[in-house]
Every structure is written in structure tokens, then in C-alpha cells.
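What the coordinates show
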Amino acid sequence: MRKKTLCSFLYADMTESLIVPGDRLDIKPENIILGPGFYVDLKTDEIIPTNAGILEVSRKQNKTVYVIDSKSKTYIPKTNDFVIGIITGTFGELYKVGLSEFTQAAQMSIYAFPNASKKNRPHLKVGDVIYARVLSAERDIEVELECIDPTTGKEGGFGQLEDGYLFTVNLAYARYLLFNENAEILTELVKKCKFELAVGCNGRIWIKAETIKTTIACVKIIEESQNWSKQDIPKKLKGVWAAFN
Amino acid sequence: MSTNEHQFLLKALEEGLRLDGRKPMQMRHLNIEVGPDYGQVLVSLGDAKVVVRISSEIVTPYEDRPFEGIFQVSSELDGMGHPSFNEASHRQEEEVMLSRLIEKAIRRSNALDLESLCIIAGQKCWSVRADVHIIDYDGNMTDTVCIGVIAGLLHFKKPDISIKNGTVILHDMSEREPVPLSILHIPICVTFQIYSSGSMEDNVKGDGREFVIVDATLKEEALTQGTITLTLNSNKELCQMSKSGGINLEVDEILSLTNEAQIIVDDFTKYIKDTIKKDEELRVNPLQKELQVVNSRE
């Protein structure tokens, strides 16, 4: 009883409230975009949260966007996600691509590249790192990837990532880095050194900086910054950077 | 593991850099928590975590060794340590290597005095058992497990016993102070990984350049081309040495590794002893000591 009244107070201003699965949200299903973490009941059209996390409400093109962001590390593939995969096998006209350790590999056809044909095969080997888009992710079928930008039919930043280093962060952080161009940690880091970065929704990050030392420093900074608050970023970044130089 | 990571790691090693910023001969931070039970130890070396529990019971000694007690170490790798250990094939190899090294380092080096475990020759003796649970597998489990077992043995206390007319009387912990085990020396394992920048041919001919690092993490271990484990104690004695295959390493290099290992072992031995001493001080209640009657042994 007490929880219900507490929640109804919070729902007056729903941004940044803590939600657990089963909470009643009373969202009207008109003009809304639902992000991950929701389930729509087929019979009653009721919107039920399935994840525990912080509810984020924002507006986008006259529609209200509801997203529940929870801290998770296990990646579940969804269509249109940009991911970083490692080639784990080649089988005739297919590549097997690992999106995370100990989960079933995804598939990628050799024709899923710009200008691909029987005579023009991509030069990918086992162990290569690629930046790809999830083409389809249905239940009980293997996930399919492609390395073509769907709108232009060209490379669009997809394809093999050469050299550099690969590491993982939690999924929420990876999404934050991918969709926020002005993420504080990156704007601060670029003041210290130049680097190339690729972020995958599966939590993997690829980075290439000028020297080995700077690359290791950047990796350490990004890994540790998962636990830093926004205000602490410049000071802590300086601290870790100094330890390396 | 991608080729990118593989190449990056080797290039970094050539410059003397490691992925977590450590120097080649720098160990990760060691933390030991003892108690509350005697012989209960939680060891973490960086992110590698191990729980060791020592237990004892009275049994009949082996027929061919009537004057000795029994000591066993049981270490099992399971999915809790790392998901890859859910597959039997990978687990078997690692398990055998790990138990073999701990066996050589602690049992065969006679760290635990087995004769002190004898109660009545040929009839009754103590059987001490170390159960190792790997909580987090992050490379270098040999060193972590070794420290756990030896710290557990140093911390453990068995119930006091007295013999009356051929019968063994086991005293409860509250009746009589439990007795520590007789540990003759403190062996500590130090494991090094060897990498080569040249080809196999160069290495065999002696033309290649080898890099050695201590206390590898999981990623560094995955790319290793050779492993050497040295077990030393603070008396400057080499208890055991193990290098099973892998690429060749110059003899001078191995000798200098023993010097590096000695520094690490001295450091860790001091820390283990301090931890156990601090725990002992916390357990002894000064007032209780005043009121305790000193039992005369029959």
C-alpha cells in the first residue's frame, strides 16, 4: 500500500524514477515510442515494465519516449544495433561472428558488403574485428549481421577495424557513448590525445591511438570512468593520465 | 580473442608495457582476509579470488606410513570461476595442472610436518584437508591458490587432544585452546609467462627476443607461449620449479627470475605473517587470558 502511494507521487513527474518489474505506470498508448524494458499486454494493451531500472522520459518529434535503462552486461541482439564482432569461423559463403563470449555466434553472409560478388570476396580471416549492423534478430533463429549502410548501400563506417585494441564496458555505458556525441569523457579525452573510437551496442569498444602507451591510458580511463560522476571527470582523468606519463 | 588484441599485447610487451599499466615484474595487489573460522581464508590477487577452507578429522593412517598424518588438497574448477569451465574438456587440463603444481609446492616440499599429525602410531592420526573454491578466475590461479592454501594452513587450529589409557580424548574448542599446525616453511609460488617476438625458429636457434612477465591476467595468459612456475620460501630456498614445454628461455634469464621471485616471496611472506598475527591479536581477550587456568598435560 505504501509503495503504491509513493509511486503515484513520483509519477506526477516521471523522469528519473526507479521502476521495478510489475509496477503500474498508467501510460496512455498514444503518440509514444517505447524503448527497451517494456512489454505490451496483447489483450489489454497495458504497458508493463519488465526490467528494473531508471525510467527516462523524453520528447522526440511530438512523441513521448519511454526508456528503462538498467545496468546489464549480457547483450541480447536487436535489429538495427551497431555491434563490434570478432570473426570466429568461415563456412563457405558465411562468416560466423562472435558478439560476446559464451553466446551463440551470429552469421554474416560474404555478400553483406558493398560491391560484393562471387569474384569480389571480402578478405576477412578468423580473429578479425568488424563493425557491423544487426540485420535480423528473431527468436530461435541465428542473428544475422551486415556491413552495409542500409540507406546509402555503401560502407558507411562498417567493415573491418584494423590494429588498435578491443575492450568491454557495461551495456548502458556503451549506449551512452554511442548516442551522445558530446559525452563528457570523450570531449575531455580528446584534449589529451588523438584517437579513433568505435563503440558497439554489445558493450565492446575499439580504440586506436597514436602510441601503445596512449592507447593503454585511454582504455584505462574509459573503463574506470564507468564509475565516475560528471563533475569528477576532468580531475580523475588528469589523475589517471598522469600515472601513465 | 581477436588478432588486434593479440598483436597489441605483443607490441606493448616489446615496449615493456602491460595492459593494466603494471611493470613486467610487478604483481597485482594481494589481499588476504582470514576468519571467522580457523583455517578460513579469502585471497584476492587483483581480480582473481579464491576461498580456502582447512578442516581436520581423526582417521587411521596409511599402512605403509604409520608415523605420518594425511594431507590432501582438493581444488575444483567450475562455472563460478569462469563460464568456460562449464565445458569439461577445457576444465580437465587446467584442473590437473593446478592440482599438480599445488601438490608439488606444498605437499612434496613438506611445508606441513606430517609426522606432527600422528596421534597413536599405526592407529590414529590427523587427516588435514584443504578445500579450494575458485570464486573469480582472472589468470595466475597457481599463485593465488598456493597463497590461499599456505595462509589457511598457518591460520588453522585443530582441537586439542589428550591420550588416557590408550584412548584418544578430543577436547572441544571451548574447553581447551585449539592447537595450530606445525608448518616448517612457507612456500609461495610465482608464475611467469614467456612471449617471443620472433618466430619459433628464431627462438630455438637462440636469435629471438623473449619477454617475461609475472602474474598474468586472463588475457595475458590466453596468449602465453610458455609458462614457468618457481616456488620459493623466505629462507632463500627453491622448493620446486616447473616449466612444461613452451618456448625456450635462456638459463641466465631463469636465474634472474629466481631473484625477482625472491623479492616477491619475501614481500608476500611478511604480509601473510602480519595478517595472521593481527587476527590472533584480535581473538585473544586480555581478561580471558588472565582468568584462564593453565592445563597440565598428562
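Just so we're clear, the structure is a prediction, and the values are computed from it rather than from any experiment.

So, unusual backbone geometry
Of note, the phi angle at D163 of chain A is positive, near 55°, even though the residue is not glycine. Along the chain, the position of D163 of chain A falls in the loop between β12 (159-161) and β13 (165-168). At N110 of chain B, a position not held by glycine, the phi torsion is positive, near 60°. Mapping N110 of chain B onto the fold places it in the loop between α2 (88-107) and β5 (118-120). Owing to a relative accessible area of 41%, N110 of chain B belongs among the partly exposed residues under this scheme.

Some words on the sheet that holds strand β14 (residues 238-242) of chain B
Residues and elements named next belong to chain B. Taken in spatial order, the 4 strands line up as β12-β11-β13-β14 in an open sheet, and their pairing is antiparallel. Each having just a single partner strand, β12 (210-214) and β14 make up the two edges of the open sheet. Strand-to-strand twist across the sheet, computed as the mean angle between neighbouring axes with direction ignored, equals 20°. Sheet analysis places strand β13 (residues 226-232) next to β14, joined by 4 bridges and oriented antiparallel. If you follow L230 over to β14, its bridge partner there is M241. Across the sheet, α2 is in contact with β11 (188-196), β13 and β14; its angle to β14 comes to roughly 160°. Of the strands in this sheet, β11 and β13 are in contact with helix α3 (residues 141-155), which crosses β11 at around 175°.

Details of the domain arrangement of chain A
All names here are of chain A. For chain A, the domain assignment lists domain 1 (17-69), domain 2 (81-160) and domain 3 (165-243). Counting from both sides, the interface comprises 12 residues of domain 2 and, opposite them, 10 residues of domain 3. Carbon and sulfur atoms supply 62% of the area buried between domain 2 and domain 3, which totals about 770 Å² over both sides. Counting the surface domain 2 buries against domain 3, the share from its top three residues, F82, I84 and Y131, is 53%.

A short note on the pairing of strand β7 (residues 82-91) of chain A
Residues and elements named next belong to chain A. When β7 meets strand β10 (residues 129-136), the two strands line up antiparallel, connected through 5 bridges. The residue bridging V83 from the neighbouring strand is A132, located in β10. With 5 bridges connecting them, β7 and strand β8 (residues 94-98) associate as antiparallel partners. Paired with G89 across the strands is K96, a residue of β8.

Quick notes on the interface of chain A and chain B
Across the contact, 18 residues belong to chain A and 19 residues belong to chain B. In total, about 1,500 Å² of surface goes out of reach between chain A and chain B, with carbon and sulfur atoms giving 66% of it. Counting every contact that joins chain A to chain B gives 0 salt bridges. Linking chain A to chain B there are 5 residue pairs in polar contact (both at pLDDT 80 or more). Put simply, the parts of the chain that give the side of chain A that touches chain B at least two residues each are β13 and α4 (212-224) of chain A. Top contributing element to the side of chain A that touches chain B by residue count: α4 of chain A, with 5 residues.

A closer look at the sheet that holds β13 of chain A
Hydrogen bonding along the main chain pairs the strands of a sheet, whether they run parallel or antiparallel. Residue and element names in this part refer to chain A. Taken in spatial order, the 3 strands line up as β13-β15-β14 in an open sheet, and their pairing is antiparallel. With one partner strand each, in any of the chains shown, β13 and β14 (195-199) form the two edges of the open sheet. Strand-to-strand twist of the sheet, defined as the mean angle between neighbouring strand axes without regard to direction, takes the value 20°. Where β14 lies against strand β15 (residues 204-209), 5 bridges are found, and the strand directions are antiparallel. Counted as the bridge partner of A198 is W206 from β15.

Side note on the UniProt feature "domain: Exoribonuclease phosphorolytic" (unreviewed entry) in chain B
UniProt records the feature "domain: Exoribonuclease phosphorolytic" (unreviewed entry) for residues 26-159 and 186-257 of chain B in the present numbering. Across residues 26-159 of chain B, helical content stands at 26% and strand content at 36%; the span's end C-alpha atoms are separated by 40 Å.

A few points about the pattern of salt bridges
Residue and element names in this part refer to chain A. Tallying each qualifying case throughout the model produces 23 salt bridges over all chains. Between E146 and R133 there is a salt bridge, with its nearest N and O atoms 2.9 Å apart. One end of the pair, E146, is in strand β11 (residues 144-146); the other, R133, is in strand β10, and 13 residues separate them in sequence. With relative accessibility at 12%, the residue E146 sits in the buried group.

About the thresholds
Residues numbered from 1 in each chain as written. Chains lettered and ligands numbered in written order. Predicted model: local features only at pLDDT ≥ 70, side-chain atom pairs only at ≥ 80, totals over all residues. Heavy atoms only, no water. Helix = DSSP H or I, 4+ residues; strand = E, 2+ residues; numbered from the N terminus. Buried < 20%, exposed > 50% of the residue type's maximum accessible area, 1.4 Å probe, protein only. Pairing = 2+ DSSP bridges. Axes fitted to C-alpha atoms, helices over the stretch in contact; angles between N-to-C directions. Contact = heavy atoms within 4.5 Å. Domains from an automatic or database assignment. Buried area = accessible area lost by both parts, 1.4 Å probe. Salt bridge = Lys/Arg side-chain N within 4 Å of Asp/Glu carboxyl O. Polar contact = N/O pair within 3.5 Å; in protein donor to acceptor, adjacent residues only side chain to side chain. UniProt positions renumbered as here; feature names shortened; annotations may be inferred.

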